[in-house]
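Analysis of the macromolecular model
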Amino acid sequence: MKIIIIGAGIAGCAAYLELRKHLLNPSGSDEAHEIIIYEAYSTNLDVTADQRKDEYTHSSTLLVGGGLAVGPNGLNVLRRLDENLLKDVVRGGYVTATSNMKNKNGWRLVTMETAPSDNDVDNPEHMYMVATSRHFFWQALRSRIPDEHIINKRISEVVASPEGRNVIYFADGTPSVEADLVIGADGVQSTAKRALFPHAKEDPYPPHYE
């Protein structure tokens, strides 16, 4: 089976690693399924801040975004995926037992406690929340994906076919490719999402911001 993931941000890289770990090889074959990520921006881990250009503002590029918090449920996903991946993420952040979410005026909306309860203190599955750099978290995922499995091309359109392979078209006019499964991990302005609503003139589920 040929699988294409659109977007090499956190979601796209995580999807790749999950598929590689859990997707069984085709029946009667020693070869794994083909999984390719298409990403519009550079995902080179060696790019420095000085080399970063203004147009490189995507989630798969250097020093994009601020910090994020990975909750206990997310950390357990990382642990099941790769124990060393979990250690890398924790090593690059700091543990927090309490997190406050506030609105733009500084008013507290909710407080999240991740400290274990008395009944849960000895549970090996319980972990505190970890606050970390968004880019560092991405680097930990990206570093585990072979370079040849990420192709730097911008997707212009995805055409879904319920009776055959899906077709992916590129903005540079190069020949289209087909895939049995397409995973859209290309953000809130997703090109892949449009394949689900081919007759819609506008995005029926646009992103909303405060």
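Anyway, here's the lowdown on the structure attached to this text. Since this is a predicted model, take the numbers as computed values, not measurements. (Residues numbered from 1 in each chain as written. Predicted model: local features only at pLDDT ≥ 70, side-chain atom pairs only at ≥ 80, totals over all residues. Heavy atoms only, no water.)

**A look at the overall build of the protein chain**
Scanning the protein chain from N- to C-terminus turns up four helices and 12 strands. Residues classed as buried in the protein chain amount to 32% of the 210 residues present. Carbon and sulfur atoms make up 50% of the accessible area of the protein chain, which totals about 13,100 Å². (Helix = DSSP H or I, 4+ residues; strand = E, 2+ residues; numbered from the N terminus. Buried < 20%, exposed > 50% of the residue type's maximum accessible area, 1.4 Å probe, protein only. Areas by Shrake-Rupley, 256 points an atom, 1.4 Å probe, with all protein chains shown as cover.)

**Topic: the environment of Ala 40**
Here Ala 40 shows up in the loop between β2 (34–39) and β3 (67–70). Residue class for Ala 40 comes out partly exposed when judged on its relative accessible area of 33%. Look past the residues within four positions of Ala 40 in its chain and what remains in contact with it is Lys 153 and Arg 154. (Contact = heavy atoms within 4.5 Å.)

**What to know about the side chain of Glu 39**
Secondary-structure assignment places Glu 39 in strand β2. One buried charged residue, Glu 39, forms no salt bridge at all, with the nearest opposite charge on Arg 154 at 7.2 Å. From its side chain, Glu 39 meets the backbone nitrogen of Tyr 41 in a polar contact 3.0 Å long. (Lys, Arg positive; Asp, Glu negative; His and termini not counted. Salt bridge = Lys/Arg side-chain N within 4 Å of Asp/Glu carboxyl O. Polar contact = N/O pair within 3.5 Å; in protein donor to acceptor, adjacent residues only side chain to side chain.)

**Thoughts on the side chain of His 33**
Structurally, His 33 is set in the loop between α1 (10–22) and β2. Polar contacts involving the side chain of His 33 include one to the main-chain amide nitrogen of Met 1, which spans 3.2 Å. With near-sequence residues (within four places) excluded, His 33 lies in contact with Met 1, Arg 20, Leu 23, Leu 24, Asn 25 and Pro 26.

**Digging into the sheet that holds strand β10 (residues 166–170)**
The sheet built from three strands is open, its strands ordered β9-β10-β11 with antiparallel pairing. The outermost strands of the open sheet, each flanked by one partner alone, are β9 (155–159) and β11 (177–179). Taken over all neighbouring pairs, the strand axes of this sheet differ in orientation by 25° on average, direction set aside. In the sheet, β9 pairs with β10 via four bridges, with the strands oriented antiparallel. The partner of Ile 155 across the bridge, within β10, is Phe 170. (Pairing = 2+ DSSP bridges. Axes fitted to C-alpha atoms, helices over the stretch in contact; angles between N-to-C directions.)

**Looking at the packing of helix α3 (residues 83–91) against helix α4 (residues 134–142)**
The contact between α3 and α4 brings their axes to 9 Å, and the two run at 160°. Taken together, the axes of α3 and α4 are roughly antiparallel relative to one another. Considering only the axes of α3 and α4, their crossing is right-handed. Side by side, α3 and α4 meet where Leu 85, Asp 88 and Val 89 of the first sit next to Phe 136, Phe 137, Ala 140 and Leu 141 of the second. (Parallel < 35°, antiparallel > 145°, perpendicular 65-115°, else oblique. Left-handed = near helix turned anticlockwise from the far one by under 90°.)

**Observations regarding a nonpolar patch on the surface**
Residues Met 101, Leu 109, Val 110 and Met 112 make up a contiguous nonpolar surface patch of about 330 Å² in total accessible area. A per-element tally of the nonpolar patch places strand β6 (residues 108–113) first, with three residues. Summarising the element assignment, Leu 109 is placed in strand β6. (Patch = residues over 30% accessible without salt bridge, like charges linked within 9 Å, V, L, I, M, F, W, Y side chains within 5 Å.)

**Some words on the pattern of salt bridges**
In the structure shown here, the tally under the stated rule is five salt bridges. Asp 147 serves as the salt-bridge partner of Arg 142, at 2.7 Å between the closest nitrogen and oxygen. Judged by its relative accessible area of 4%, Arg 142 is buried. Residue class for Asp 147 comes out exposed when judged on its relative accessible area of 54%. Through salt bridges with shared partners, a single ionic network connects Asp 82, Asp 88, Arg 91 and Arg 144.

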